[in-house]
Amino acid sequence: MSFTPIESGIGGLLIGLSAALAYYADGKIAGISGIFGPALRGVVTCQPIEGAQLWKLCFLIGLVLGGCVNLGLNQDFAFPAALAFSPLRYAAAGICVGMGTRAGRGCTSGHGICGLPRFSLRSWIAVPVFMGVAAATVAVTRHGAKIDPASPWAVAELQWPPKWEFPLGALGASLLLAVAAIWTPGQARSYVSPLAAGTIFGLGLGCSGMTSQAKVLNFLDVGGTWDPSLAFVMGCGLCVSFPVMFWSERPGKAPLHGQFEKPAKTGNYGSLVIGAALFGLGWGLIGVCPGPAVAGAIPYAAQGWGDGLSFGLSFLMIALAWLATDKCLRMGEAPKEAPKSMEPAQPDAAAGASEPDVEAAKEPADKAATPAEVASA
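Residues numbered from 1 in each chain as written. Predicted model: local features only at pLDDT ≥ 70, side-chain atom pairs only at ≥ 80, totals over all residues. Heavy atoms only, no water.

A. Just a nonpolar patch on the surface, in detail. Together, Phe119, Leu121, Trp124, Phe242, Phe246 and Tyr269 line one region of the surface with nonpolar side chains, adding up to about 610 Å² of accessible area. Secondary-structure elements contributing two or more residues to the nonpolar patch are α7 (121-144) and α11 (229-248). Relative to the assigned elements, phenylalanine 242 resides in helix α11. We classify phenylalanine 242 as partly exposed; its relative accessible area is 33%. (Patch = residues over 30% accessible without salt bridge, like charges linked within 9 Å, V, L, I, M, F, W, Y side chains within 5 Å. Areas by Shrake-Rupley, 256 points an atom, 1.4 Å probe, with all protein chains shown as cover. Salt bridge = Lys/Arg side-chain N within 4 Å of Asp/Glu carboxyl O. Helix = DSSP H or I, 4+ residues; strand = E, 2+ residues; numbered from the N terminus. Buried < 20%, exposed > 50% of the residue type's maximum accessible area, 1.4 Å probe, protein only.)

See the structure below:
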C-alpha cells in the first residue's frame, strides 16, 4: 500500500467538513459510534422517527450512500479485498470495538475530529490511549507473535502522481451538498442536512483510505513498512473542524438550528481509559472502527462469501456489543437516577454525542441536563 498524502488529505478535509457542517447547522457531534449506537437503540426500542432519532438515521443513510459511491467509483482504493482473518478474530475485534466505544463514549471521529478541537480533556486522554493500544496490538500480531505477515522498517513509497480525480470530484460534490444543507428551507432541511453530512463523511472515509483495512493497519505498524497517510486524515480533518468547534465554544453562540451538543470534557476517567483501550485493541486486530464498518458493510458484503462476510460479522458484533454494553451501563446508572425520577424529561439534545456525561458540560446559558439525557448520551 502506497503513501497517499494528497488523496488521504482530501479525504480528511471531507470528514472535517462533515463534522463542521453537522455542528454548525444542527449542533450535532459527528461521532459515528455516538450516532450509530443510539440510533440502533432507538430502532430496537421502537422510538418515534423524529427529532434526534430522525437526524441520526438520515446521517447513517448518507454514510452508507457515501460508501456505495466509493464502491462504484473508487473501489480499488477504498474497498480492496477484505483481509483474510478468521471469523473468530473478526467477531472478537467487533466485540471489543462495540464495548469500547460505548464504555469510552467515542471513537476516532467523536474523540478525534470533534473532541480534540473542543479541548476536551477526555478526548485528549482517549486518543493517545486507543492509538497506543492499537499500535501495540499490531506490533504483537506482526512482530511479536508473528501471527500476521511483517515487513522490515521503512516508510511506504510515495504514490506520485496522485490519483486525484475522484477525491477532487468528491470534494466539489461535498461543497455543493454543504451549501444545500445550509440553504434548504423549511421542513425539508431536517432531512437534507443530516443526509448531506453523512454522505460527505462516507465520501471522506473512502477518499482517505480509512475504509481499507490494510492501509489502517500499515499506519498503525510503526515498526514495519509505515504508511503515514492517515496522519494527513486527522490533520486535515482538524483543520476544518477546529474553527467551527472553537467558535461554538464562545458564549452566546448557537447553531443555525437547535442547540449545540456539549458533552462533558472531564470526568469518568476509569471507564474512559478502559473503553478506549478496548476500542484500540479491536481496531488494531482488524483495522476497522465504527465509521468504516457502517460505510463498508455493503461494499465488503458485495465481495461475496468468505472474508467479505467475515467483515460483515465484525459489523454485526460491533452493533450487538454496543447494545449489550449500553444496557448494562444504563442498568448500573438506574439506581443513581431513582431519587430524581420525578424531574421532567428534557429533549435528548446530546443523544448523538460521542463524548460522555453531557450533564456537566453545558454552557452557563444552557439548560441543565437531566438524568434522562445522561443515560441516553
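B. Region of interest: the nonpolar core. Within the largest apolar cluster, 71 residues are counted, with the highest numbers of intra-cluster contacts made by Leu21, Phe59, Leu63, Leu220 and Trp283. The biggest single contributor to this core is helix α1 (residues 5-26), with nine residues. Setting aside anything within four residues of it in sequence, one finds tryptophan 283 in contact with Val97, Thr108, Phe130, Met131, Ala134, Val216, Leu217, Leu220, Val288 and Cys289. (Core = buried A, V, L, I, M, F, W, Y, C linked by side-chain atoms within 4.5 Å. Contact = heavy atoms within 4.5 Å.)

C. Structural context of helix α5 (residues 87-103). With 17 residues, α5 extends 24 Å from end C-alpha to end C-alpha; this agrees with the ideal 24 Å at 1.5 Å per step. Most of α5 sits out of view: 12 of its 17 residues are buried. Buried within α5 are the following residues: Arg89, Tyr90, Ala91, Ala93, Gly94, Cys96, Val97, Gly98, Gly100, Thr101, Arg102 and Ala103. (Expected span 1.5 Å × (residues − 1).)

D. Spotlight on the packing of aromatic side chains. Applying the stated rule across the entire model yields 16 aromatic pairs. Between tyrosine 24 and tryptophan 247, the aromatic rings sit 5.9 Å apart at their centres with planes inclined by 55 degrees, giving tilted as the arrangement. Of the two residues, tyrosine 24 is situated in helix α1 and tryptophan 247 in helix α11; the sequence distance between them amounts to 223 residues. Put simply, the rings of Tyr23, Tyr24, Trp247 and Phe260 touch in pairs and so form one group of aromatic residues. For arginine 89, the ring lying beneath its charged end belongs to phenylalanine 85, and the centroid distance is 3.9 Å. Directly above the ring of tryptophan 322 sits arginine 102, whose terminal nitrogen or CZ lies 5.6 Å from the centroid. (Phe/Tyr/Trp six-rings, centres within 6.5 Å; stacked < 30°, edge-to-face > 60°. Lys NZ or Arg CZ within 6 Å of the ring centre and 35° of its normal.)

E. Quick peek at the pattern of salt bridges. Going through the model one piece at a time under the given rule, you end up with 11 salt bridges. Residue arginine 41 is joined to aspartate 326 by a salt bridge in which the shortest nitrogen-to-oxygen separation is 2.9 Å. Taken together, the residues span a long stretch of sequence, with arginine 41 in helix α2 (residues 32-44) and aspartate 326 in helix α14 (residues 307-337) at a distance of 285 residues. By relative accessible area, arginine 41 is classed as buried at 7%. Judged by relative accessible area, which is 3%, aspartate 326 ranks as buried. A salt bridge links lysine 265 to glutamate 249; its shortest N-O distance comes to 2.7 Å. Of this pair, lysine 265 sits in the loop between α11 and α12 (269-286) while glutamate 249 sits in the loop between α11 and α12, placing them 16 residues apart in sequence.

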